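Architecture at a glance
Given next are the chains, with one letter for each unit.
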Amino acid sequence: MNTPLNTHIAYRDQQLHIESLTVGQIAEQIETPFYCYSKAMLLDNIQTCRDAFGRYGIDIHYAVKANSNLTLLSLIATQGLGVDLVSGGELKRVARAGVPGDSMVFSGVGKTQTELRDALLKGVGRINVESAEELAVLADIAAEMNVSAQVSLRVNPDVAANTHAHITTGTKGNKFGIEPAQAIELMAEYAAHPFLCVDGLAMHIGSQICDIEPYRQAVTRLVDLAQQVIGDDYPVNHLDLGGGFGVDYGDGQALSLESVAQAIAEITESFGGSVSVEPGRFLVANIGMLVSRVVYVKETEPLPFAILDAGMTDLMRPALYQARHQTVPVKQRAESDDVRAYDVVGPVCESTDTFSRGELLPASLAEGELVVFLSAGAYCAVMSNSYNSRTIPAELLVDGDEVSVIRHAITQDALLAYEETP
Ligand code: LLP
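Residues numbered from 1 in each chain as written. Predicted model: local features only at pLDDT ≥ 70, side-chain atom pairs only at ≥ 80, totals over all residues. Heavy atoms only, no water.

1. Digging into the site of the ligand
Lining the immediate surroundings of the ligand are 19 residues, of which S207, E278, R281, R317 and Y379 lie closest. Residue D84 places a side-chain N or O atom 3.5 Å away from a nitrogen atom belonging to the ligand. Measuring from an oxygen atom of the ligand, one finds a backbone N or O atom of G244 at 2.8 Å. Protein coverage of the free-state accessible area of the ligand, which is 590 Å², stands at 91%. Here the shell around the ligand is composed, by residue class, of seven nonpolar, six polar and six charged. (Near = heavy atom within 4 Å. Polar contact = N/O pair within 3.5 Å; in protein donor to acceptor, adjacent residues only side chain to side chain. Areas by Shrake-Rupley, 256 points an atom, 1.4 Å probe, with all protein chains shown as cover. Nonpolar A, V, L, I, M, F, W, Y, C, P; charged D, E, K, R; others polar.)

Pasting the structure below:
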């Protein structure tokens, strides 16, 4: 059986704790499934990130899409990190969380005119533009509003990130970014634009990258491109080197932030402008867990099914990317206790509602028992949905020996209230 995990989520006295509380205690107060996060772990991650990048003067913009809970955003904002956004909805949230406009970067391949207008109204620090078409629309909007916009062009460096195909973004054929040659043309074309200052280049080649080589290669390509643009006498004052830094989901695979920061510092040494990164997962993945209960242990061949009350609607990553989240019982057993292999599934009417196969859990796993998915702070609650008319789970935050609901469960009654019967 896998053993947790980090400084703030660990077994003590055979009970899984998050900070000073047992998960069992928390589950007495709220219906499963629910998400539960550790505030201390978030603050530690922010500090680790700052230590790694700060020493080289690299700015950090948290990729809000990883977890956009307002309370977490406020904590991140209070710690002085900037943010990377991809929608008008995220823009609303970060503004509510108190992030100043000039600490915001707006990314995304399909920003609408309304979203671009809102971004300019809020004084977003930089817009990462992903096509010639978007740049033309932004130019018109800026002129019409009589405001100037700071722009970076997101380049597609055509480097395979060596991660899951569904979360690779920087190769030819991906919808993201602009071809390097076209970026050079656009920098020249917009050099004297009265409302746009196109003086930055950006990239993001994928997520959960655990091999530094492709990342190094992409940064090198971007820096080479910047030198070429500068050589043509156009300014490049900023490089945004994206996120994607892989975390350990229990298989020992991860990217060390120190090595990322060092690689960036080395490759950008001769570049005179500012440099930033956009980590999402690194900051929030290991702060959280999804807590669920066993509904049935269904005896079948070849393996029994542990059927949980959490499903793919609550935690989509296994169904979408064959991702594995360490799965552990809240009540720890003695080393000598028997374990058994289970197929761990949810109740949703889809065969892909399978969390893992052959998962080793206690042989005595019982109906009603609490089972937890670890490292579920990033891309989990944010991707939950109500398929099968299921409740969208609550989110809780633990701070020492206190627990607060930071998002209530979204129930069918709440969802039904939006429907009309004409
Ligand atoms: N910057 C840009 C432009 C991005 O598109 C992303 C993530 C990030 C930064 C942050 O990447 P991170 O450091 O979190 O890896 N739902 C998938 C992940 C999708 C990531 C999308 N873009 C998953 O659950 O694995």
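2. Observations regarding the sheet that holds strand β9 (residues 149–154)
Taken in spatial order, the eight strands close into a barrel running β5-β6-β7-β8-β9-β10-β11-β12, and their pairing is parallel. Taken over all neighbouring pairs, the strand axes of this sheet differ in orientation by 30 degrees on average, direction set aside. Examined bridge by bridge, strand β10 (residues 196–202) and strand β11 (residues 238–240) share three bridges and lie parallel to one another. Across the sheet, residue L201 finds its bridge partner in β11, namely L239. In the packing of helix α4 (residues 88–96) onto the sheet, the strands contacted are β6 (82–85) and β7 (104–106), and the crossing angle to β6 comes to about 160 degrees. (Pairing = 2+ DSSP bridges. Helix = DSSP H or I, 4+ residues; strand = E, 2+ residues; numbered from the N terminus. Axes fitted to C-alpha atoms, helices over the stretch in contact; angles between N-to-C directions. Contact = heavy atoms within 4.5 Å.)

3. Brief notes about the state of the cysteines
Two cysteines, two sulfur atoms, one covalent bond between them: this is a disulfide. Summed over all chains, the structure comprises zero disulfides. With no disulfide partner, C49 has as its closest neighbouring cysteine sulfur the one in C210, 16 Å distant. In this structure C49 comes out as buried when scored by relative accessible area, which is 0%. Just so you know, C380 is unpaired, no disulfide at all, and the nearest cysteine sulfur is the one on C36, 14 Å from it. (Disulfide = S-S within 2.5 Å. Buried < 20%, exposed > 50% of the residue type's maximum accessible area, 1.4 Å probe, protein only.)

4. Looking at the domain arrangement of the protein
When the domains of the protein are assigned, the result is domain 1 (9–38 + 286–416) and domain 2 (107–279). With nine residues of domain 1 in contact, the opposing surface of domain 2 contributes seven residues. Between domain 1 and domain 2, a total of about 640 Å² is buried, with carbon and sulfur atoms accounting for 50% of that surface. Counting the contacts that link domain 1 with domain 2 gives zero salt bridges. At the junction of domain 1 with domain 2, the criterion picks out three residue pairs in polar contact (both at pLDDT 80 or more). Looking at the side of domain 1 that touches domain 2 residue by residue, the class counts come to three nonpolar, four polar and two charged. (Domains from an automatic or database assignment. Buried area = accessible area lost by both parts, 1.4 Å probe. Salt bridge = Lys/Arg side-chain N within 4 Å of Asp/Glu carboxyl O.)

5. Overview of α4
Along α4, the positions that sit buried rather than exposed are G88, E90, L91 and V94. Relative to the axis of α4, the buried residues are bounded by an arc of 155 degrees and lie together on one face. Exposed and oriented more than 90 degrees from the buried face of α4 are K92 and R96. If you follow the buried residues of α4, they end up packed against α3 (70–78), β6, β7 and α5 (113–121). (Arc of directions from axis to C-beta.)

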